[in-house]
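Results of the structural survey
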Amino acid sequence: MAGTVSHLPADALLSRRVQEMVINGEEPPHLYICRNGDHEPDQDVPTQLSSIPIIDLSLISSSSSQPSSKPDHDELRKLHSALSSWGCFQVIGHGISSCFLDSIRRVAKEFFEQPMEAKKKIEKGVLEVQGYGADPVPEEGQPLDWSDRLVLDLYPQDQRVPKFWPETPTSFRNILEEYSYKIKTLTEQISKAMAKSLNLEENCFLNQFGERAQLQARFNYYSCCERPDLVLGLKPHSDGTGYTIILQDDVEGLQVSKDGKWFTVPTISDAFLVLMGDQMEIMTNGMFKSPVHRVLANSKRERISLAMFYTPEANKEIGPEQALINDINPKLFRNFKDYAVTHWEYYQRGQRALHVAKV
Ligand SMILES: O=C(O)CCC(=O)C(=O)O
Ligand SMILES: [Fe+2]
């Protein structure tokens, strides 16, 4: 097969896994090609110069052993500045052990490294979201991503679809269950810390997310590609979430756009990248930015990431916090229900959706 370029339509390509094409030695089919082979040297900032802020959450959140400890104001200021300039930060001091992070990374790797037949037991249909596969077919003319993924709804718990949860590796389900609980707890701490950094009542964002806030896991598997200059692991986009908590492995690839340049997110083994989605930009009346980001392909090493999408509850209206609106900062966004649905429609056309929520 080597050397042949497939001209199959998108739905046929998306019913096969990128990992299969790589194992067969196929070249990227034309629908995956979205770059012109140039390296865009002016736009790529070397990783060592990427100063994405690192926030120590233990300095901000009171721990159960010291419930009355006062937050560190410098750290809160740093958080505020990270989110208004970058729209993301790497979080440490979150209380989840590195050993546990390694176990979720390990089961994710073991899952993707299984033979295709094992993974296809939980395969999604081309139009479905949950399960193992690729995104649903985008609109015509949109490139496909050089990646495979496993998507699972975690909260509210009654939204789980057990038939899509892998049975192998055997520890996958228990570890994911524990991980989802830990991340849900972390979202509470992060939502409070962000509110404090804006001098808001600490539960204000948690109230907007609601009792039935949604948490969804997306395990991304980026196969190696012989032509990383022609494809992207994930095309440029902003997230339609409230915010997203990303666990990387030790392979770089994620880039965040700032001031017209792409900054590679350094891999830090016990940190998560917390990245604002459009709905936090709306809730903060534009104070926090929802950054455009993308994932590069890599010719030498495959990469696995786990994105946890944290989104306000379905059917619940969200909007800018009243305390952030005043004469100097007029209301920039209107209240919005189910923004993620609108975001998805635009995403499929390769566009951002935030303007639809502008006043
Ligand atoms: O793979 C990553 O690091 C980022 C994934 C991402 O942006 C997403 O799943 O929306
Ligand atoms: Fe994303």
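This text goes with the structure placed above it.
Everything numeric in this text was worked out from a predicted model, so none of it was measured.

Looking at the sheet that holds strand S11 (residues 272-276)
Pairing within the open sheet is mixed, and its eight strands lie in the order S2-S3-S11-S8-S13-S6-S5-S4. The open sheet has two edge strands, strand S2 (54-56) and strand S4 (131-133), and neither has a second partner. Averaged over all adjacent pairs, the angle separating strand axes in this sheet is 25 degrees, with direction ignored. On the sheet, helix H3 (residues 73-85) packs against S2, strand S3 (88-92) and S11 and is oriented at approximately 145 degrees with respect to S2.

Topic: the packing of aromatic side chains
Using the criterion set out here, one finds 14 aromatic pairs in the structure. Centroid distance tryptophan 86 to phenylalanine 263: 4.9 Å. Interplanar angle 80 degrees. Geometry classified as edge-to-face. Taken together, the residues span a long stretch of sequence, with tryptophan 86 in the loop between H3 and S3 and phenylalanine 263 in strand S10 (residues 261-264) at a distance of 177 residues. Here the two residues tryptophan 86 and phenylalanine 263 agree in accessibility, since each one is buried. An aromatic cluster is present here, built from Phe111, Phe112, Tyr132, Phe172, Phe219 and Tyr221 joined pairwise through their rings. Here the basic side chain of lysine 184 rests over the ring of tyrosine 155, its NZ or CZ set 4.9 Å away from the ring centre. Its end group placed over the ring of tyrosine 346, arginine 349 keeps NZ or CZ at 4.6 Å from the ring centre.

A word on the side chain of threonine 244
Relative to the assigned elements, threonine 244 resides in strand S8 (residues 243-248). Within polar-contact distance, the side chain of threonine 244 engages the side chain of threonine 241 at 3.0 Å. Here threonine 244 is in contact with Asp239, Leu273, Val274, Leu275, Ala307, Met308 and Phe309, once residues within four sequence places are set aside.

Description of the site of ligand 1
Close contacts around ligand 1 come from 14 residues, with Arg218, Tyr222, His293, Arg303 and Ser305 the closest. Between an oxygen atom of ligand 1 and a side-chain N or O atom of asparagine 220, the distance comes to 3.4 Å. Considering ligand 1 on its own, with 290 Å² of exposed area, one finds that the protein chains cover 99% of that surface. Counting residues per element, the ones that place at least two in the shell around ligand 1 are strand S6 (214-222), strand S7 (232-237), strand S12 (293-296) and strand S13 (303-311). In terms of residues, the shell around ligand 1 owes the most to one element, S13, which gives four residues. The residue makeup of the shell around ligand 1, split by class, is seven nonpolar, four polar and three charged.

Digging into the coordination of the iron ion (ligand 2)
Any two of four tetrahedral donors ideally make an angle of 109.5 degrees at the metal, while pairs among six octahedral donors ideally make 90 or 180 degrees. Around the iron ion (ligand 2), the protein contributes the donor atoms His237 (NE2), Asp239 (OD) and His293 (NE2), at 2.1 to 2.3 Å from the metal centre. For the iron ion (ligand 2), all donor residues lie on one chain, and their spacing in sequence is H-x1-D-x53-H. Separated by 56 residues along the polypeptide, histidine 237 in strand S7 and histidine 293 in strand S12 bring together distant segments of the chain. Each member of the pair histidine 237 and histidine 293 is classed as buried.

Quick notes on unusual backbone geometry
Each neighbour pair has its own omega, and for tyrosine 155 with proline 156 the value is -5 degrees, a cis peptide bond. With respect to the helices and strands, the residue proline 156 is situated in the loop between strand S5 (148-155) and helix H6 (172-197). Residues threonine 168 and proline 169 are joined by a peptide bond in cis, for which omega reads -5 degrees.

Here we look at the pattern of salt bridges
Counting across every chain of the model gives 20 salt bridges. Notably, a salt bridge pairs glutamate 139 with arginine 349, separated by 3.7 Å at the nearest N-O pair. In this pair, glutamate 139 sits in the loop between S4 and S5 while arginine 349 sits in the segment after helix H9 (339-347), placing the two residues 210 residues apart along the sequence. On the accessibility criterion, arginine 349 (31% relative accessible area) is partly exposed. A salt bridge links arginine 160 to glutamate 177, with the nearest nitrogen and oxygen atoms 3.0 Å apart. Placement of the pair is arginine 160 in the loop between S5 and H6 and glutamate 177 in helix H6, with a sequence separation of 17 residues. Exposure remark for arginine 160: the relative accessible area of 17% places this residue in the buried category.

Focus on the sheet that holds strand S9 (residues 254-258)
Here five strands make up an open sheet; going across it, the order is S1-S10-S9-S12-S7 and the pairing mixed. In this open sheet, the two strands that pair with only one neighbour each are strand S1 (44-45) and S7.

Section: the side chain of glutamine 130
Inspection of the secondary structure assignment puts glutamine 130 in the loop between helix H5 (116-120) and S4. Among the polar contacts made by the side chain of glutamine 130, one reaches the main-chain amide nitrogen of aspartate 153 at a distance of 2.9 Å. Excluding residues that lie within four positions of it along the chain, glutamine 130 makes contacts with Lys124, Val151, Leu152, Asp153, Gln159, Val161 and Phe164.

Calculation rules
Residues numbered from 1 in each chain as written. Chains lettered and ligands numbered in written order. Predicted model: local features only at pLDDT ≥ 70, side-chain atom pairs only at ≥ 80, totals over all residues. Heavy atoms only, no water. Pairing = 2+ DSSP bridges. Helix = DSSP H or I, 4+ residues; strand = E, 2+ residues; numbered from the N terminus. Axes fitted to C-alpha atoms, helices over the stretch in contact; angles between N-to-C directions. Contact = heavy atoms within 4.5 Å. Phe/Tyr/Trp six-rings, centres within 6.5 Å; stacked < 30°, edge-to-face > 60°. Buried < 20%, exposed > 50% of the residue type's maximum accessible area, 1.4 Å probe, protein only. Lys NZ or Arg CZ within 6 Å of the ring centre and 35° of its normal. Polar contact = N/O pair within 3.5 Å; in protein donor to acceptor, adjacent residues only side chain to side chain. Near = heavy atom within 4 Å. Areas by Shrake-Rupley, 256 points an atom, 1.4 Å probe, with all protein chains shown as cover. Nonpolar A, V, L, I, M, F, W, Y, C, P; charged D, E, K, R; others polar. Donors = N, O, S within 2.8 Å, 3.2 Å for Na, K, Ca; no water. Salt bridge = Lys/Arg side-chain N within 4 Å of Asp/Glu carboxyl O.

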